[in-house]
Structures are given as structure tokens and as C-alpha cells.
Amino acid sequence: MEGQSIELELNIMAMPELTDSTEPGQTAVGETDAAPQAIAEVRRWTIDDSENLYRITGWGEPYFSINAAGHVTVSPQADHGGALDLYELVKGLRQRNIGLPLLLRFSDILADRINRLNAAFARGIARYRYPNTYRGVYPIKCNQHRHIVESLVRYGTPYNFGLEAGSKPELMIALAMLQPQENPEPDQQNQPLLICNGYKDREYIETALLARRLGHRPIIVVEQVAEVALAIEISRNLGIKPILGVRAKLSTQGMGRWGISTGDRAKFGLTIPEMLTAIGQLRQADMLDSLQLLHFHIGSQISSISVIKEAMTEASQIFVQLAKLGGNMRYLDVGGGLGVDYDGSKTNFYASKNYNIQNYVNDVISAVQDACVAAEIPCPVLISESGRAIASHQSVLIFDIVATNDINPPLPKVKAKDHAILRNLMETWETITVDNYQEAYHDVEQFKTEAISLFNFGYLGLKERAKAEEIYWACCRKILQICRQQEYVPDDLENLEVNLASIYYANMSVFQSAPDSWAIDQLFPIMPIHRLDEEPTQRGILADITCDSDGKIDRFIDLRDVKSVLELHPLMEIEQEDAPPRVEPYYLGMFLVGAYQEIMGNLHNLFGDINVVHIQMNPKGYQIEHLVRGDTIAEVLGYVQYDPEDLLENMRRYCEQAMEDKRMSLEESQLLLENYERSLLQYTYLKPTSGIHTS
Ligand SMILES: *Cc1c(COP(=O)(O)O)cnc(C)c1O
């Protein structure tokens with residue numbers, strides 16, 4: 001069994017194309033009465049078909065869609081502005097020498113996300129007549145890049161949207177990027193908050209406290225009991241009163257990937273006994289009025305609204321109890337977790353969420369209000385720390401396919417004098433029908449195993465083994481065609497689709513640009529950004545250009561499910577004079593990648609940061625707001641402590657020596673050194689001309 005599966009993998013490289021159901025020059029016995037494709041009416045593929053297939057409306061609304069030209073469009077201002085043709089945009093950027101892969105960031109999408117979140121809270125507050133306000137903060141860890149934090153602060157200003165820091169470096173970003181209030185009002189209602197989370201040392205707390213003098217409104221959220229004593233001491237030394245919060249370890253389980261963020265064993269937060277200890281310490285220091293905020297965070301990408309309801313119920317009760325114990329409770333911070341619908345199914349599947357922003361907001365507001373009204377304590381200012389829901393949609397990763405392995409060798413001729421195993425295989429190929437395809441599959445598997453044994457014992461030559469494999473793949477393909485038309489596919493045939501899939505070689509590194517896809521099996525919507533008026537006849541998986549076998553994507557969004565192959569178009573070749581045919585660029589987009597992917601990406605194989613283009617809409621169309629060039633090879637070599645000058649110097653010496661020994665000509669030496677020197681200044685990814693079709 002094991003040997004067989006290895007064999008199948010090796011054979012992926014040599015498998016026939018999937019599209020045609022009839023082999024050239026062959027008339028199959030028994031095919032006429034069985035072939036369902038002969039009956040099915042040939043219908044032209046439309047963009048609606050692509051829309052359904054890639055589910056773009058589900059995950060992309062209101063930002064991404066498909067236009068009549070069959071290209072993906074982006075509407076950064078949602079329903080309030082124009083749409084850009086993504087394919088034309090990428091073509092234009094290529095003409096400006098901006099190489100692929102590249103990350104497009106649409107700052108208008110960021111603005112729209114902030115508007116939506118704040119509008120939802122405004123609506124909820126009005127609907128429930130909630131007697132207080134909402135003060136959201138953006139968790140910097142979600143995407144720390146300067147242009148993004150700058151945009152967020154700018155777009156957040158009308159809403160007094162603040163920032164959340166989870167570490168000292170992030171605190172330093174927040175302090176310098178938020179505009180302090182010169183004459184803060186006593187209750188500082190109209191001021192963005194600065195939520196200070198994460199583990200803290202003396203400097204962290206000191207810096208945060210001193211920032212109050214600048215006119216910032218930092219709230220120090222206690223994550224560990226020891227931080228209370230530290231905060232008390234530093235506050236006394238500086239003579240500055242802190243605003244403190246406590247992070248609760250809820251018993252509500254977050255479920256899914258981040259379920260471990262809660263519960264007694266969670267890494268962060270105070271248990272109820274610890275909270276009581278903290279209150280005791282603050283009371284003793286006569287600082288209980290500093291305790292103003294309760295914080296919790298039950299994990300990211302909460303798929304089910306019931307988990308949010310449950311957490312809100314528990315947190316609201318803790319809030320009320322803290323107030324009763326003498327805390328000066330004015331803020332409830334519900335953390336992150338607001339999900340993104342990556343597969344567009346609107347379900348509690350892990351790549352989705354079964355609620356919208358308004359449902360989330362309503363549940364937050366009503367739970368707090370119910371608890372506070374019942375306990376007759378004032379309703380708090382509401383804070384949320386939504387990162388994923390704000391930052392994901394703004395970024396689109398664009399990469400090109402440099403090659404595929406969808407070769408299509410003709411079905412070999414089998415003669416009467418050929419080995420019986422070949423004749424058996426061919427006979428099976430000829431007689432596959434809808435009535436016997438499962439049995440036929442078992443037969444060809446058996447024949448293939450036999451063919452390999454015969455080869456190993458020396459009874460089959462290399463050419464015969466090749467023939468056997470070719471017929472085997474042709475059989476599999478024919479069986480797959482039948483399977484695809486069945487409502488139910490027997491378990492043992494389920495792998496057929498995967499085993500017959502083409503490999504599309506993608507000019508990118510999963511480790512650099514989609515680390516969560518590799519590390520935690522996260523699903524991102526992926527689709528071609530053009531040719532969407534054309535049927536994607538191939539089924540493929542994506543392999544990146546790192547030399548790591550994990551550098552691949554073979555899990556794709558589906559309705560409440562994961563599919564193991566993606567429908568793609570065959571690469572098209574352009575004939576060239578005096579040169580081998582060139583591959584027509586084929587661009588894929590990976591969407592909703594604006595949260596977490598950039599900073600967690602790594603330099604595996606020394607593929608560096610990619611080019612980033614910030615696009616902003618204006619009344620005439622769009623403008624490139626910023627271009628952040630990706631790493632050059634010299635830069636990534638520098639990260640691992642190589643000095644490009646030293647490397648070049650070594651190369652020069654070796655060339656001199658080789659020329660002296662007459663192993664190398666002057667021209668060869670020049671060419672090598674020129675290439676070496678030029679490469680140092682180049683992008684770490686492949687250039688477009690390197691596209692080669694492997695057939
Ligand atoms: C990561 C994190 C967030 C952001 O979570 P999202 O699910 O991206 O909204 C918010 N608060 C804290 C404390 C976090 O650690």
C-alpha cells in the first residue's frame with residue numbers, strides 16, 4: 001500500500017491532461033452508449049459560472065467582483081465609488097517595472113472597514129438606547145506596517161478610534177502615531193484610547209504612565225498578578241495615577257484554532273481568585289479607583305455567534321461583580337475575535353462565521369446592558385480590538401504561474417505481441433463505462449502494481465513500463481470523467497481528483513506571503529484574476545518556488561468544506577520568432593491576506609519581502625500612494641550576515657585564479673561576474689521571462 005502511494009506521487013509529473021475525454025485517434029469500444037458527456041449540451045462558460053465556482057460574492061462582497069471582460073474588479077470604496085479592473089491594474093504596474101509577486105493594498109478598503117464597524121456600533125447603541133459610547137481600538141499586531149497604522153489613525157479620527165499595543169515595540173508605535181490631546185477634557189470622552197496589553201516590565205509601565213502627561217489616554221491592562229504591584233510602585237514614584245484594566249481568563253471556550261486562548265490553562269489573564277488578589281492589593285494602596293476596565297479576548301476568528309454570546313454573558317457578570325467590589329468600572333473591552341468569512345459560506349465552519357458585524361455588535365451591547373441594568377450599575381464605554389475584521393480585506397496578493405506540468409502524452413499503441421499486462425490495461429481502458437468504472441479502477445490499480453513487479457524482475461523494459469504508466473493514467477482520467485458526473489463518488493475513488501491534478505508552479509513563497517496557509521492550514525480564497533469568461537478546464541494544486549515540499553497549497557475554499565484541487569485555466573503559449581514559445585502571463589490572486597500574513601512571513605530559501613503597492617482612489621480613478629520595494633538579494637543576504645561586497649570580492653578572486661589556470665576565458669569570467677553583481681540588486685523572485693512550459 002505504501003509503495004503504491006509513493007508511486008502515485010512520482011507519477012504526478014508524468015500524467016496526462018484532464019480535459020479531453022476522447023483520445024486522439026482512438027475510438028473506444030463501449031463508449032458510445034456510456035459517455036454522458038456526449039449527451040450534455042455544450043454551453044458557453046460565463047462569468048456567472050466563475051462567480052459561483054470561486055464563490056467571490058460570498059467572500060468578496062462588497063469589494064470584489066467580476067466584470068464583463070472576465071477580470072476581477074475591486075471597489076475599494078464599496079458601494080460609494082468606482083471599480084478598478086485588477087488585471088489591468090497589475091498589467092499597468094508590470095509596465096512600470098514592478099515585479100511579481102506583489103501585494104496590493106487598498107487604503108480605501110481600510111477606511112470602509114472602520115466606517116462599517118463604527119456604524120454598526122452606532123446603530124446598535126441607537127437601537128438598544130445604550131447609554132454610553134463605543135471606542136474601538138486597532139490591535140497593532142495584526143499588521144504593524146507604518147502606512148497601514150498611519151491610514152488607520154487618519155481614518156479612525158472621526159470616531160476617536162485608538163490603538164492597542166501587545167508589546168513594548170508596539171507601544172512605541174502607538175505612542176508616536178496617535179495624536180495626543182493638548183488640553184484633554186477631564187473625562188476625556190472624546191479621545192482615542194491606547195490599550196496597553198501584553199507582558200510588561202518596568203519600562204513598559206513607566207513609559208505608558210508618562211504618556212498621560214503628553215495627553216494620551218493609556219489604559220494599562222494587567223495580564224499577570226505581579227504587574228499590579230509594579231504599577232502601584234511606579235505610579236507612586238512618578239506621582240501619576242494610572243488607569244488600570246484587568247484581563248479575565250474566561251471559562252468560555254473559544255473553540256477552533258484559538259480555543260486555548262481561554263480557560264484556566266490560558267497563557268494570559270487573571271483567574272477569578274487572582275482578580276480578587278489584585279483588587280485587594282489596589283484597595284490596600286488606596287488605588288481601587290484606578291481599576292476602570294475589564295478586558296477579555298477569547299481568540300481570533302470566532303466562527304460561531306453562540307461562543308460570543310456565552311463569553312459576553314460571563315464577562316458582563318464579572319464586570320458587574322468588579323463594580324460591586326469597589327472597582328471604578330467604566331470600560332468593557334471585548335478584545336478581538338470578530339471573524340472573516342474566508343469561504344463565503346456564512347456558516348460556523350472554521351473558515352467562515354455564522355454572523356455579521358451587526359449581529360456581533362448587537363450581542364455585545366445587549367449582554368452588557370442586560371447585566372448592568374439588572375445590577376443597577378452604569379453601562380460602560382464599549383471597546384473592541386478587532387484586527388482581522390479590519391485589516392484582512394485591504395490586501396490582495398498577486399502572483400504569476402511560471403509553469404505547469406499538465407503534459408498530455410498520446411495514448412500509446414498496444415500491439416498483439418506486446419506483453420499481456422499492456423494488453424490487459426488497454427482492454428480495460430477500452431471497456432470503462434459508467435456501469436463498471438469502480439471495478440475498472442480496481443483492475444487498473446492491480447495491473448499497475450503487477451507492471452511494476454514485472455519491471456523489477458526484469459520482464460518489462462523501460463519503454464514498456466512507460467507505456468503501462470501512460471495507459472494507467474489514461475484509464476484514471478477516463479474514470480475521473482465519469483466520477484465527476486456522479487452525485488456520489490465511492491470513497492476509494494476520492495483521491496483520483498488529487499492524483500490527477502496538475503501542479504501549477506507559483507512565483508511566490510508560501511512561507512513569506514501566506515504563512516498561515518502552511519502553519520495552521522488557514523484557507524484563503526484564491527482565484528485567477530482574468531480569463532473568467534473561459535471555462536477553467538484544469539484541476540490543479542499550487543506549488544511555490546521554494547525547494548520545500550511544504551511550500552504548496554492544496555486546500556481550497558469550498559462551500560462549508562475544503563477542496564483539494566482548484567479549477568484553473570491551461571497556460572497559453574505565445575509563439576516567438578527565434579525563441580521557444582513564451583507563456584502568456586497567468587495571474588492568480590490570493591485574497592483577504594491583510595491580517596497577520598505579512599509579519600509572520602519568513603525568509604525561507606531567502607525569498608524576501610515582496611513589492612507592496614498602496615492604491616488610493618481619487619475622483620479621476622486611482623493613484624499609487626506608496627510603493628514599498630521588496631527585498632533585493634543583497635538585502636536578504638545581509639539579514640543573514642553576508643556582506644555582498646565580500647561575496648563579490650571572493651568571486652572575483654576565484655575568477656582570476658580560474659583564468660590564470662586557463663580553466664575560464666575572459667568572456668566567461670565577465671559574464672559570470674556581471675550576472676552575480678546584477679543579481680545582487682535584483683528581486684529574490686523569478687522574472688517573468690523565466691516562464692517555461694514543462695511539456
Ligand atoms: C490578537 C489579538 C486581537 C486581535 O484579534 P482579531 O481576531 O484579529 O480581531 C485583539 N486583542 C488581543 C489581546 C489580541 O491578542
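Rules of the game
- Residues numbered from 1 in each chain as written.
- Predicted model: local features only at pLDDT ≥ 70, side-chain atom pairs only at ≥ 80, totals over all residues.
- Heavy atoms only, no water.
- UniProt positions renumbered as here; feature names shortened; annotations may be inferred.
- Helix = DSSP H or I, 4+ residues; strand = E, 2+ residues; numbered from the N terminus.
- Buried < 20%, exposed > 50% of the residue type's maximum accessible area, 1.4 Å probe, protein only.
- Contact = heavy atoms within 4.5 Å.
- Areas by Shrake-Rupley, 256 points an atom, 1.4 Å probe, with all protein chains shown as cover.
- Salt bridge = Lys/Arg side-chain N within 4 Å of Asp/Glu carboxyl O.
- Core = buried A, V, L, I, M, F, W, Y, C linked by side-chain atoms within 4.5 Å.
- Patch = residues over 30% accessible without salt bridge, like charges linked within 9 Å, V, L, I, M, F, W, Y side chains within 5 Å.
- Lys, Arg positive; Asp, Glu negative; His and termini not counted.
- Charge placed at Lys NZ, Arg CZ, Asp CG, Glu CD.
- Pairing = 2+ DSSP bridges.
- Near = heavy atom within 4 Å.
- Polar contact = N/O pair within 3.5 Å; in protein donor to acceptor, adjacent residues only side chain to side chain.
- Domains from an automatic or database assignment.
- Axes fitted to C-alpha atoms, helices over the stretch in contact; angles between N-to-C directions.
- Parallel < 35°, antiparallel > 145°, perpendicular 65-115°, else oblique.
- Left-handed = near helix turned anticlockwise from the far one by under 90°.
- Arc of directions from axis to C-beta.

Going by the annotation in an unreviewed UniProt entry, the name recorded for the protein is Biosynthetic arginine decarboxylase, with Synechocystis salina LEGE 00031 given as the source organism. Among the UniProt annotations of the protein, the heading Function (unreviewed entry) holds the following wording: "Catalyzes the biosynthesis of agmatine from arginine." Its UniProt record, at the heading Sequence similarities (unreviewed entry), says of the protein: "Belongs to the Orn/Lys/Arg decarboxylase class-II family. SpeA subfamily."

Across its full length, the protein holds 24 helices and 25 strands. Out of the 695 residues in the protein, the part that is buried amounts to 55%. Considering only contacts in the protein between residues 6 or more positions apart, those separated by 24 or more positions represent 78%. Total accessible area on the protein stands at roughly 31,300 Å², and carbon and sulfur atoms take up 52% of it.

This part covers the pattern of salt bridges. For the coordinates displayed, the defined rule picks out 21 salt bridges. With its nearest N and O atoms 3.3 Å apart, the salt bridge here joins aspartate 418 to lysine 467. Of this pair, aspartate 418 sits in the loop between strand S13 (395-404) and helix H15 (420-431) while lysine 467 sits in helix H17 (residues 462-484), placing them 49 residues apart in sequence. Where glutamate 534 meets arginine 531, a salt bridge forms, and the shortest distance between an N and an O atom there is 2.8 Å.

Okay, the nonpolar core next. Soluble globular proteins tend to bury their nonpolar side chains together. One finds Tyr138, Leu294, Met312 and Leu382 to be the most contacted residues of the largest nonpolar core, which totals 89 residues. Each residue touching leucine 294, except ones within four places of it in the same chain, is listed here: Val246, Ala248, Met275, Ala315, Ile318, Phe319, Leu322, Met329, Tyr331, Leu332 and Asp333. Met508, Ile529, Tyr587 and Leu592 belong to the second largest nonpolar core, which has 66 residues in total.

Let us look at a negative patch on the surface. Judged by side-chain charge, Asp643, Glu645, Asp646, Glu674 and Glu677 come together as a negatively charged surface patch. Within the residue set of the negative patch, elements represented by two or more residues are helix H23 (644-660) and helix H24 (666-680).

Those residues carrying the UniProt feature "modified residue: N6-(pyridoxal phosphate)lysine" (unreviewed entry) are Lys141 in this numbering. Mapped onto the elements, lysine 141 comes out in the loop between strand S5 (137-139) and helix H7 (146-156). The exposure class of lysine 141 is partly exposed, given its relative accessible area of 40%.

Quick look at the UniProt feature "domain: Arginine decarboxylase helical bundle" (unreviewed entry) in the protein now. As recorded in UniProt, the feature "domain: Arginine decarboxylase helical bundle" (unreviewed entry) lies at residues 416-497. Secondary structure within residues 416-497 divides into 70% helix and 0% strand; the distance between the first and last C-alpha atoms comes to 32 Å.

Across seven bridges, the pairing between strand S24 (residues 611-618) and strand S25 (residues 621-628) is antiparallel. Across the sheet, methionine 617 pairs through a bridge with tyrosine 622, a residue of S25. Here S24 hands over to S25 after two residues, the two strands then running antiparallel side by side.

The residue after glutamate 61, namely proline 62, is reached through a cis peptide bond having omega 0°. Its location among the elements puts proline 62 in the loop between helix H4 (56-60) and strand S1 (64-66). Residue proline 101 follows leucine 100 across a cis peptide bond; omega there is 0°. Of note, aspartate 286 is a non-glycine position whose phi angle comes to about 60°, a positive value. Mapped onto the secondary structure, aspartate 286 falls in the loop between helix H11 (272-284) and strand S10 (291-295). Note on aspartate 286: relative accessible area 63%, which makes it exposed. Its identity as a non-glycine residue notwithstanding, aspartate 521 has a phi of 55°, on the positive side. You can see aspartate 521 is positioned in the loop between helix H20 (515-519) and strand S15 (526-528).

Lining the immediate surroundings of the ligand are 16 residues, of which Lys141, Ser300, Glu385, Gly387 and Tyr596 lie closest. Here lysine 141 contributes a side-chain N or O atom positioned 2.6 Å from an oxygen atom of the ligand. Glycine 337 places a main-chain nitrogen or oxygen 3.0 Å from an oxygen atom of the ligand. For the ligand, whose accessible area on its own is 390 Å², the fraction buried by protein is 92%.

Turning our eyes to something else, we now look at the domain arrangement of the protein. Each domain of the protein was delimited in the assignment, giving domain 1 (2-103 + 526-628), domain 2 (132-385), domain 3 (420-497) and domain 4 (633-694). Here domain 3 and domain 4 have C-alpha centroids that lie 48 Å from each other.

Attention now moves to the packing of helix H16 (residues 437-456) against H17. Packing of H16 against H17 brings their axes to within 10 Å, and their N-to-C directions diverge by 165°. With respect to their mutual orientation, H16 and H17 come out roughly antiparallel. Once H16 is placed against H17, the crossing between them reads as left-handed. Only Leu462, Arg465, Ala468, Tyr472, Cys475, Cys476, Ile479, Ile482 and Cys483 of H17 make contact with H16, whose side of the interface consists of Tyr437, Ala440, Tyr441, Val444, Glu445, Lys448, Ala451, Ile452 and Phe455.

Taking strand neighbours across the sheet as the criterion, the eight strands line up as S5-S6-S7-S8-S9-S10-S11-S12 in an open arrangement whose pairing is parallel. Of all strands in the sheet, those bounded by a partner on one side alone are S5 and strand S12 (381-383). Between one strand and the next, the sheet's axes are offset by a mean angle of 25°, whatever the strand orientation. In this sheet, strand S6 (residues 162-165) lies alongside S5 in parallel orientation, the contact comprising three bridges. From the neighbouring strand, valine 137 faces S6, where its bridge partner is glycine 162.

Note on sheets: strands pair through backbone hydrogen bonds, and any given pair is parallel or antiparallel. Ordered in space as S1-S2-S3, the three strands form an open sheet in which the pairing is antiparallel. Of all strands in the sheet, those bounded by a partner on one side alone are S1 and strand S3 (84-85).

The grouping of Ile272, Leu276 and Leu325 at the surface amounts to a nonpolar patch, some 250 Å² of accessible area in total. Within the fold, leucine 276 resides in helix H11.

Taken as a whole, helix H8 (residues 168-177) has its buried residues at Glu170, Leu171, Ala174 and Leu175. Around the axis of H8, the buried residues are gathered within 135° of arc, so they sit on the same side. Opposite the buried face of H8, by more than 90 degrees, sit the exposed residues Pro169, Met172 and Ala176. Where H8 is buried, its residues touch S6, strand S7 (194-196) and helix H9 (202-214).

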